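Inside the fold
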Amino acid sequence: MAPESWNKPWPFGVVLFGLLMLLLAVIGTFTGKAYGRGGSAERAKDPVDYWMTLVVEYLGGAFLIWYGLYLLPY
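From a predicted model like this one, the values you see are computed outputs, not experimental measurements. (Residues numbered from 1 in each chain as written. Predicted model: local features only at pLDDT ≥ 70, side-chain atom pairs only at ≥ 80, totals over all residues. Heavy atoms only, no water.)

**So, the pairing of strand S1 (residues 33–36)**
- Looking at chain direction, S1 and strand S2 (residues 39–42) are connected through 4 bridges and run antiparallel. What sits directly across from Gly36, in S2, is Gly39.
- Between S1 and S2, which pair antiparallel and follow one another directly, the connecting turn spans 2 residues. (Pairing = 2+ DSSP bridges. Helix = DSSP H or I, 4+ residues; strand = E, 2+ residues; numbered from the N terminus.)

Right, dumping it as structure tokens:
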């Protein structure tokens, strides 16, 4: 049997995952190599995948932080 605390929502986990996504996006912006689930995309070799990865990371990270701080019950 799982402890009761395993079934409780943990809103700060959503916020931490959002911060991780933003950190990956910032690192990708400065290095020119965006890291994602499927590997990485370089700005010089594959600019469309690079910019799409960064857009998804920035928007996804911002959404998860907003959702975790304002919409999830504590």
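**Some thoughts on helix H2 (residues 47–71)**
- For H2, spanning 25 residues, the distance from its first C-alpha to its last is 35 Å, which sits close to the expected 36 Å at 1.5 Å a residue.
- For H2, every residue scored as buried is listed here: Tyr50, Leu54, Glu57, Gly60, Gly61, Leu64, Ile65 and Gly68.
- Elements in contact with the buried residues of H2: helix H1 (11–31), S1 and S2. (Expected span 1.5 Å × (residues − 1). Buried < 20%, exposed > 50% of the residue type's maximum accessible area, 1.4 Å probe, protein only. Contact = heavy atoms within 4.5 Å.)

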